Amino acid sequence: MKKSIILFSILLLTFGTLSAQTEIKIPYGNNPEAGHYKQINGIKMYYEVYGSGQPLVLLHGNGGSIKGHTRRIEYFKQYFQVIAIDSRGHGKSVDDSKKQLNYVQMADDVSVLLDSLKIKNANIWGQSDGGILGLLLAINHPDKTAKVATFGANIFPGKKAIFNEIDQMVLDTLKVTKDPRTKNLYTLLAHQPNITEKDLQKIKCPVLIMSGDRDAIRLEHSIKIFDNIENSNFFVMPGATHFGAYEKPELFNMVLLSFFNDPFKKTSSVELFTGKK
């Protein structure tokens, strides 16, 4: 068990760096030419901006950072003004408060940053925890969201949303860790988010729910999210884990670009066959 906890901890907290390959010379996540700090809600939030056009905000997962978006930035900066953000308590963002991280607060941080940049109606993509932030932005800050895409997001913690073994690893890690940062990050995973179905039903912008067919998040949980957002599409990546965006980048990029660029559609087979809406 101890070995499993260590392996899981290493994977969860460092996977985001795996996309930073040596052939990409731009130091995404630590680029003084594109990086900026802003005082946001009592922290110094770090973000980087690339490209031009409609804004696309990239939000990383638990323990991640902008560096994990290396290949996504490299691709999507051709089509959008990419704004990659280090959440509070992550990456180069500076949070000296040592308070317990909270998804609602973290989503509000993103909203305030976008206000400071005079940005409304941005496209949002979030990986895992970043997907949770994307959903919260659509719920609580609808003026900031044109379209939202999530990969491997959940709306509540525990074994009904997350596979038993993974949820248990989170709980076991909390019992043994002495590292304050790990404790903060894993407490976030163990006890949050707390998004209800009624909250999801408030979302009006188009949303793309993405999942690996062997995700950490139960497929039925992702379907629950899809079923409760009126204007939503659902994509299951075959042969993919929680990190499908990294495992199959060409497929991921194609699906995400289509969602953001094409008119949103939700015509059902029932409508096609019956002519009824």
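Procedures and definitions
Residues numbered from 1 in each chain as written. Predicted model: local features only at pLDDT ≥ 70, side-chain atom pairs only at ≥ 80, totals over all residues. Heavy atoms only, no water. Salt bridge = Lys/Arg side-chain N within 4 Å of Asp/Glu carboxyl O. Pairing = 2+ DSSP bridges. Helix = DSSP H or I, 4+ residues; strand = E, 2+ residues; numbered from the N terminus. Axes fitted to C-alpha atoms, helices over the stretch in contact; angles between N-to-C directions. Buried < 20%, exposed > 50% of the residue type's maximum accessible area, 1.4 Å probe, protein only. pLDDT = per-residue confidence, 0-100. Contact = heavy atoms within 4.5 Å. Expected span 1.5 Å × (residues − 1).

Within this structure, the stated rule accounts for 11 salt bridges. Residues Lys77 and Glu74 are paired through a salt bridge, measuring 3.8 Å at the closest nitrogen-oxygen approach. Linking Asp199 and Lys202 is a salt bridge whose minimum nitrogen-to-oxygen distance equals 3.5 Å. Taken together, the salt bridges that share partners define one network made up of Asp115, Lys120, Asp143 and Lys144.

Glancing now at the sheet that holds strand β8 (residues 232-237). Pairing is mixed across the open sheet formed by eight strands, whose spatial order is β1-β2-β4-β3-β5-β6-β7-β8. Each end of this open sheet is capped by a strand with a single partner; those strands are β1 (35-40) and β8. Across the sheet, the mean angle separating the axes of adjacent strands is 20° when strand polarity is ignored. In the sheet, strand β6 (residues 145-151) pairs with strand β7 (residues 207-212) via four bridges, with the strands oriented parallel. The residue of β7 that forms the bridge with Ala149 is Leu208.

Turning our attention to the environment of Val110. Within the secondary structure, Val110 is located in helix α3 (residues 103-116). Judged by relative accessible area, Val110 falls into the buried class, the value being 1%.

Looking now at the confidence of the model for the protein chain. Per-residue confidence for the protein chain gives a mean pLDDT of 93; residues scoring 70 or more make up 92%. Contacts from residues 16-22, a stretch scored under 50 in pLDDT, to residues over four places away or in other chains number 15 contacts.

The next point concerns helix α5 (residues 164-176). Its 13 residues give α5 an end-to-end C-alpha distance of 19 Å, which sits within 8% of 18 Å, the value for a rise of 1.5 Å per residue. Considered for burial, the residues of α5 that qualify are Asp167, Met169, Val170, Asp172, Thr173 and Leu174.

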